[in-house]
Amino acid sequence: MDHAKPSANHENYSQLDLSGKLIIKAQLGDDIRRIPVYNEDITYDELVLMMQRVFRGKINTNDDITIKHKDEDGDLITIFDSSDLSFAIQCSRILKLTLFVNGLPCSLESDQVKHIRKELQQIRDRVNQLLDSLEPEATTVSGSAPDQKHINGNLQYTR
């Protein structure tokens, strides 16, 4: 019986040594990238250039970029210069960054708004169903029920 051996690429990947290396996890909106960094003496300007390359098409060279890292308390701390970056690297081997472009965290807010709007619409629809079930059956002289529609959250009967 012939057993397949792992490919050379698989063996090389599994032997890749990231111990002691700096890992940057950068988030722009709902896009999160994991970047191994082999030179820990990275400057702030180099970090900005790296983020522009990693998020190519989402960040332009003329965009105002604010980079924040998540500290041990879960707070987002602004990285303003190379000194702030060095301090953040000293605090953690995995640097969790959140990028804000032109003051906004990109599409994350709009995605959250869409999700909340959908949830609220589902709640509204369920409340309307429950209210409808409490209404007595309305019948007309001919025995047919009138058409129902909701106007401004109120149940209206029409002909």
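A brief structural summary. No experiment lies behind these values; they were computed from the predicted model shown. (Residues numbered from 1 in each chain as written. Predicted model: local features only at pLDDT ≥ 70, side-chain atom pairs only at ≥ 80, totals over all residues. Heavy atoms only, no water.)

## What about the overall build of the chain?
Phase 1: The secondary structure content of the chain amounts to four helices and seven strands.
Phase 2: The order of helices and strands in the chain, counted from the N terminus, is α-β-β-α-β-β-α-β-α-β-β.
Phase 3: Each of the 159 residues in the chain was classed as buried or not, and the buried ones make up 23%.
Phase 4: For the chain, the share of sequence-separated contacts (at least 6 apart) that also reach a separation of at least 24 residues comes to 47%.
Phase 5: Counting only carbon and sulfur atoms, one obtains 50% of the accessible surface of the chain, whose full area is about 12000 Å². (Helix = DSSP H or I, 4+ residues; strand = E, 2+ residues; numbered from the N terminus. Buried < 20%, exposed > 50% of the residue type's maximum accessible area, 1.4 Å probe, protein only. Contact = heavy atoms within 4.5 Å. Areas by Shrake-Rupley, 256 points an atom, 1.4 Å probe, with all protein chains shown as cover.)

## Considering helix α3 (residues 82–91)
Phase 1: Three or more residues of α3 are buried, namely L85, A88 and I89. The arc that holds every buried residue of α3, seen down its axis, measures 100°, which confines them to one face. Exposed side of α3, more than 90 degrees from the buried face: S83, F87 and Q90 are the residues found there.
Phase 2: Buried residues along α3 sit in contact with β1 (22–28), α2 (44–54), β3 (65–70), β4 (76–79) and β5 (94–101).
Phase 3: For α3, the side-chain oxygen to backbone nitrogen distance between the N-cap and S83 is 3.2 Å, and the N-cap itself is D81. (Arc of directions from axis to C-beta. Polar contact = N/O pair within 3.5 Å; in protein donor to acceptor, adjacent residues only side chain to side chain.)

## Quick word on the packing of aromatic side chains
Phase 1: Applying the stated rule across the entire model yields zero aromatic pairs.
Phase 2: Here the basic side chain of K68 rests over the ring of F100, its NZ or CZ set 5.8 Å away from the ring centre. (Phe/Tyr/Trp six-rings, centres within 6.5 Å; stacked < 30°, edge-to-face > 60°. Lys NZ or Arg CZ within 6 Å of the ring centre and 35° of its normal.)

## Concerning the pairing of β1
The side chains of a regular strand alternate, first on one face of the sheet and then on the other.
Phase 1: Among the seven residues in β1, five count as buried, and that is most of the element.
Phase 2: The pairing of β1 with strand β2 (residues 31–37) spans seven bridges and is classified as antiparallel. Paired with I24 across the two strands is I35, which belongs to β2.
Phase 3: Inspection of the sheet shows β1 paired to β5 by five bridges, in the parallel sense. Within β5, the residue paired with A26 across the bridge is L97. (Pairing = 2+ DSSP bridges.)

## Structural notes on the pattern of salt bridges
Phase 1: Under the criterion given, the structure shown has four salt bridges.
Phase 2: A salt bridge links K58 to D31, with the nearest nitrogen and oxygen atoms 2.9 Å apart. Taken as a pair, K58 in the loop between α2 and β3 and D31 in strand β2 lie far apart in primary sequence, 27 residues in all.
Phase 3: Residue R124 is joined to D125 by a salt bridge in which the shortest nitrogen-to-oxygen separation is 3.1 Å.
Phase 4: What emerges from the salt-bridge pattern is a single network uniting D31, R33 and K58. (Salt bridge = Lys/Arg side-chain N within 4 Å of Asp/Glu carboxyl O.)

## So, the pairing of β4
Phase 1: Pairing of β3 with β4, which is carried by four bridges, proceeds in the antiparallel orientation. Opposite K68, over in β4, you have T78 as the bridge partner.
Phase 2: Between β3 and β4, which pair antiparallel and follow one another directly, the connecting turn spans five residues, one of which, G74, has a positive phi of 90°.

Shape descriptors only; they carry no functional weight alone.
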